[in-house]
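Chain residues, written in single-letter form:
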Amino acid sequence: VTLSGHFNKMLMWMDSGDASRLTIAGNHNSETRARIVVKGKINEALSVGAVSEFGMESNISSSVSPANTAGTGNPEVGNDNQFNQRHTYVKFDHKQFGSVRLGQTSEANDGISEFNMTGATDVVYGGNILIGTGINLQRTNAAPGVFTTTTLGSLWENAGEGGRTDTVRYDTPTVGGFTAAVSYQGDQSSSAAIRWGGKFGAFKVEAGYGGTNESAASTTQELTHGGSVAVGHDSGFNLRAKYGQTEFKAATRDEAELWSFGAGYKAKLISAGSTNFAIDYMIIENASANGDEVVMYNIGVEQETDAGVKFYLGYQLFQAEQAGNVDYEDASTILAGTKVFF
């Protein structure tokens, strides 16, 4: 039995065009968490394990805003989840035949769009918005102090990415760098994914593609699929790309699509650990309705240390619009935080 986890807290400056606010938040890119892992052997070929992992967040970075949901300029305090279940599952792993998981855990395509070698994912997650989605947007040229109830998160769809839920999941053994997974969820959806990783001289590559059939679980969505690829060089330079699409049941709805591209560099500037730089660009279209668009520019740096502590600093810029010439003021965030492992 082992116990592990981390704490991840930060200062977060938000600006929505007419309102700004400094808050102390939990970093939802990698929320504070703890896990208990149990491992044992049934015989030489078959092992058994169990994992319980729970998040512990307060003032979550994806829910805070300098204006509130009533559309006024009064600051909004974020959600306090306190404890939320991330994983509670059992796993049987066979040396020749792969593994089976049962319980609350990742469906087959969870993480499929998150391949990333920058080492700075606490501040530049790479193609995902987990910080700032709660910001209330202000219409361009609106009167001072008047905000909409539209948030960045309401215009966002993490197309192609799986989640964590009650599921039964099978993973194949790794063959030639390839591994595949399939899962069936309690909401009647089903997921599948294929992943590959390998090294070619000075280059390391990780990639995957997968999707979820939502037809039996959702009244609006039919299918979501997507993937990502990351390439790293021994020099420290790395690149990543992501694509995702969600298909809707309504004939009048266009597919929601997401593209993201990023780059990074790992430098050895101090003896304590690697200094990791990252930049990212993302565009999401048609997430909540035809004509929606959110663009994000993201830059950051994360300092590792040998003591199990990281420090990070970053900036995000968001541009959003909707059909019918609905334009919003640019929103932005500045993050400064630390992550402590145990």
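The structure this text deals with has already been given above.
This structure is a prediction, so every number in the text was calculated from the model and none was measured. (Residues numbered from 1 in each chain as written. Predicted model: local features only at pLDDT ≥ 70, side-chain atom pairs only at ≥ 80, totals over all residues. Heavy atoms only, no water.)

1. Here's the deal with a nonpolar patch on the surface
Alright, step 1. Where nonpolar side chains cluster on the molecular surface, the patch consists of Leu 11, Trp 13, Leu 22, Ile 24, Ile 279, Ile 299, Leu 313, Tyr 315 and Ile 334 and spans about 860 Å² of accessible area.
Alright, step 2. Contributions of two or more residues to the nonpolar patch are made by β1 (2-15), β2 (20-26) and β16 (309-322).
Alright, step 3. Topologically, Trp 13 is positioned in strand β1.
Alright, step 4. Looking at Trp 13, the relative accessible area reads 35%, which means it is partly exposed. (Patch = residues over 30% accessible without salt bridge, like charges linked within 9 Å, V, L, I, M, F, W, Y side chains within 5 Å. Areas by Shrake-Rupley, 256 points an atom, 1.4 Å probe, with all protein chains shown as cover. Salt bridge = Lys/Arg side-chain N within 4 Å of Asp/Glu carboxyl O. Helix = DSSP H or I, 4+ residues; strand = E, 2+ residues; numbered from the N terminus. Buried < 20%, exposed > 50% of the residue type's maximum accessible area, 1.4 Å probe, protein only.)

2. What to know about the packing of aromatic side chains
Alright, step 1. One pass over the structure, following the stated rule, counts seven aromatic pairs.
Alright, step 2. Taking the centre distance of 6.1 Å and the plane angle of 45 degrees together, the rings of Phe 178 and Trp 196 count as tilted. One end of the pair, Phe 178, is in strand β8 (residues 178-185); the other, Trp 196, is in strand β9 (residues 190-200), and 18 residues separate them in sequence.
Alright, step 3. For Phe 178, a relative accessible area of 43% gives the class partly exposed.
Alright, step 4. Residue class for Trp 196 comes out partly exposed when judged on its relative accessible area of 21%.
Alright, step 5. Plain terms: the ring middles of Tyr 243 and Trp 259 are 5.9 Å apart, the flat faces sit at 50 degrees to each other, and that makes the pair tilted. (Phe/Tyr/Trp six-rings, centres within 6.5 Å; stacked < 30°, edge-to-face > 60°.)

3. A word on unusual backbone geometry
Alright, step 1. Look at Asn 286: it is not a glycine, yet its phi comes out positive at around 65 degrees.
Alright, step 2. Secondary-structure assignment places Asn 286 in the loop between β14 (273-285) and β15 (293-304).
Alright, step 3. A positive phi is found at Asn 325, a non-glycine position, where the angle reads about 60 degrees.
Alright, step 4. In this fold, Asn 325 is placed in the loop between β16 and β17 (326-327).

4. Description of the environment of Phe 311
Alright, step 1. Mapped onto the secondary structure, Phe 311 falls in strand β16.
Alright, step 2. The class of Phe 311 is partly exposed, set by a relative accessible area of 45%.
Alright, step 3. Separated by 25 residues in the primary sequence, Phe 311 and Ala 336 place their C-alpha atoms 7.7 Å from one another.

5. Concerning the pattern of salt bridges
Alright, step 1. One pass over the full model with this rule turns up ten salt bridges.
Alright, step 2. We note a salt bridge from Glu 44 to Lys 41, for which the minimum N-O separation is 3.8 Å.
Alright, step 3. Among the residues examined, Glu 44 registers a relative accessible area of 59% and is labelled exposed.
Alright, step 4. Take Lys 41: its relative accessible area is 59%, and that puts it in the exposed class.
Alright, step 5. Lys 199 is the partner of Asp 234 in a salt bridge, and the nearest nitrogen-oxygen pair spans 3.5 Å. Note that Asp 234 is positioned in the loop between β11 (221-233) and β12 (237-248) and Lys 199 in strand β9, a separation of 35 residues in sequence.
Alright, step 6. On the accessibility criterion, Asp 234 (56% relative accessible area) is exposed.

6. Considerations on the nonpolar core
Alright, step 1. If you look at the biggest cluster of nonpolar residues, it comprises 28 residues, and the most contacted ones within it are Met 10, Met 12, Ile 129, Leu 137, Leu 152 and Ala 320.
Alright, step 2. For this core, the secondary structure elements donating two or more residues are β1, β14, β15, β16 and β18 (331-341).
Alright, step 3. Beyond its immediate sequence surroundings of up to four residues, Met 10 is in contact with Thr 23, Ile 24, Ala 25, Gly 26, Asn 27, Ser 61, Ile 131, Tyr 312, Leu 335, Ala 336 and Gly 337.
Alright, step 4. Formed by five residues, the second largest nonpolar core is a distinct cluster that contains Phe 115, Met 117, Ala 193 and Ala 230. (Core = buried A, V, L, I, M, F, W, Y, C linked by side-chain atoms within 4.5 Å. Contact = heavy atoms within 4.5 Å.)

7. A few points about the environment of Leu 317
Alright, step 1. Structurally, Leu 317 can be placed in strand β16.
Alright, step 2. Sequence separation of Leu 317 and Gly 132 is 185 residues, and the distance between their C-alpha atoms is 9.8 Å.

8. What about the pairing of β1?
Alright, step 1. Where β1 lies against strand β3 (residues 33-41), five bridges are found, and the strand directions are antiparallel. Within β3, the position partnered with Thr 2 by the bridge is Val 37.
Alright, step 2. Summarising the sheet, β1 and β18 pair through ten bridges and their orientation is antiparallel. Along β18, the bridge assignment pairs Asp 15 with Ser 332.
Alright, step 3. Pairing between β1 and β2: seven bridges, direction antiparallel. Looking at β2, one finds that Met 12 is bridged to Thr 23.
Alright, step 4. Linking two consecutive strands that pair antiparallel, namely β1 and β2, is a turn of four residues; a positive phi of about 110 degrees is found at Gly 17 within it. (Pairing = 2+ DSSP bridges.)

9. Remarks on the side chain of Ser 218
Alright, step 1. By the element assignment, Ser 218 lies in the loop between β10 (203-213) and β11.
Alright, step 2. For Ser 218, a relative accessible area of 17% gives the class buried.
Alright, step 3. At 3.1 Å, the side chain of Ser 218 forms a polar contact with the backbone nitrogen of Thr 220.
Alright, step 4. A polar contact is formed between the side chain of Ser 218 and the backbone nitrogen of Gln 221, at a distance of 2.9 Å. (Polar contact = N/O pair within 3.5 Å; in protein donor to acceptor, adjacent residues only side chain to side chain.)

Fair warning: the whole summary comes from geometry, so function is off the table for now.
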